[in-house]
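Read off the chains here:
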Amino acid sequence: MTHVLTQSGQLLQPGSPAAIEIPAGNHLGLRLINRNSLLEKLGVSRSKLYRLTKPGGKDYDPEFPIGKPLSSTPAINSPLFWLEVDVDLWMLSKMGKPI
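Described in the following lines is the structure provided in the data block. Within each chain, residues carry numbers counting from 1 in the order of the written sequence. Restriction of local features to residues with pLDDT of at least 70 applies here, the model being predicted, together with a cutoff of 80 or more for giving and counting side-chain atom pairs; totals for whole chains, interfaces and linings are based on all residues. Side-chain calculation: all heavy atoms of the structure are included, whereas hydrogens and water are not.

With that out of the way, let us pick up the nonpolar core. Residues enter a nonpolar core if they are buried and are Ala, Val, Leu, Ile, Met, Phe, Trp, Tyr or Cys, with the set joined through side-chain atoms within 4.5 Å. Relative accessibility under 20% of the residue-type maximum defines a buried residue, over 50% an exposed one, and the middle range a partly exposed one, all with a 1.4 Å probe and only protein chains included. In this structure, I33, L38, L39, L42, V44, L49, L52, F64, W82, V87 and W90 together form the largest nonpolar core, which totals 11 residues. Mapped onto this core, the elements with two or more residues apiece are α1 (35-42), α2 (46-53) and α3 (84-93). Helix and strand labels come from DSSP, where a helix needs a run of H or I of at least four residues and a strand needs a run of E of at least two; each type is numbered from the N terminus. For this core, the element with the most residues is α1, which contributes 3 residues.

Below, the discussion takes up a nonpolar patch on the surface. A contiguous nonpolar surface patch, about 420 Å² in accessible area, is contributed by V85, L89, L92 and M95. Inspection of the secondary structure puts L89 in helix α3. On the basis of relative accessibility, which here comes to 52%, the residue L89 falls in the exposed class. Excluding any residue in a salt bridge, patches collect residues exceeding 30% relative accessible area, merging like charges within 9 Å and nonpolar Val, Leu, Ile, Met, Phe, Trp and Tyr side chains within 5 Å. The method behind every accessible area is Shrake-Rupley, applied with a 1.4 Å probe, and residues are considered shielded solely by the protein chains displayed. The working definition used for a salt bridge is a side-chain nitrogen of Lys or Arg within 4 Å of a carboxyl oxygen of Asp or Glu.

Moving on, we get to α1. Of all the residues in α1, the buried ones are L38, L39 and L42. The buried residues of α1 occupy an angular sector of 100 degrees when projected down its axis, which confines them to one face. Pointing more than 90 degrees away from the buried face of α1 are the exposed residues N36 and E40. Any pair of N or O atoms that falls within 3.5 Å is considered a polar contact. Within protein, one atom must be able to donate a hydrogen and the other to accept it, and sequence-neighbouring residues count only if both atoms are side-chain atoms. Between the side-chain oxygen of the N-cap and the backbone nitrogen of N36 there are 3.3 Å, and the N-cap of α1 in question is N34. With its phi angle positive at about 70 degrees, G43 sits one or two positions after the end of α1. To be clear, the arc concerns the directions from the helix axis to the C-beta atoms.

Tracing the backbone through its elements, the reader meets D61 in the loop between α2 and β4 (81-83). D61 sits in the buried class, given a relative accessible area of 10%. A polar contact of 2.9 Å, which involves the side chain of D61, links it to the backbone nitrogen of E63. Within polar-contact distance, the side chain of D61 engages the side chain of K94 at 3.0 Å. Any two residues having at least one pair of non-hydrogen atoms within 4.5 Å are treated as being in contact. Ignoring sequence-local partners within four residues, the contact set of D61 consists of L52, W90 and K94.

Taken as a whole and judged by the stated rule, the model has 6 salt bridges. E84 serves as the salt-bridge partner of K41, at 3.1 Å between the closest nitrogen and oxygen. You can see K41 sitting in helix α1 and its partner E84 sitting in helix α3, a full 43 residues away along the chain. On the accessibility criterion, K41 (29% relative accessible area) is partly exposed. We note a salt bridge from D59 to K48, for which the minimum N-O separation is 3.0 Å. On the criterion of sequence distance, the pair formed by D59 in the loop between α2 and β4 and K48 in helix α2 is long-range, its members being 11 residues apart. According to the relative accessible area criterion, K48 is buried, its value standing at 12%.

These figures come from the coordinates and say nothing about function on their own.
If you want it as structure tokens, here you go:
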């Protein structure tokens, strides 16, 4: 089975012109992390993560990676996942700066 994502992470039908096809088995070395893993990686609390991701929040950062649900038709409270490489790149961009 092939997973098909846009560059923004949205799921599409296989063969769609806006899609990047990722072979099953994840040969690209991409890893999804859940919220708990993200909090551990960043060393921040849930409330700090909320402030980083909510526009208008005290610590809002528009460059912070957006978490996405795994389902193409997510429920309201579906868990979010982040591409670890996106988080790593964001962290590198913040080196020497307070989060």
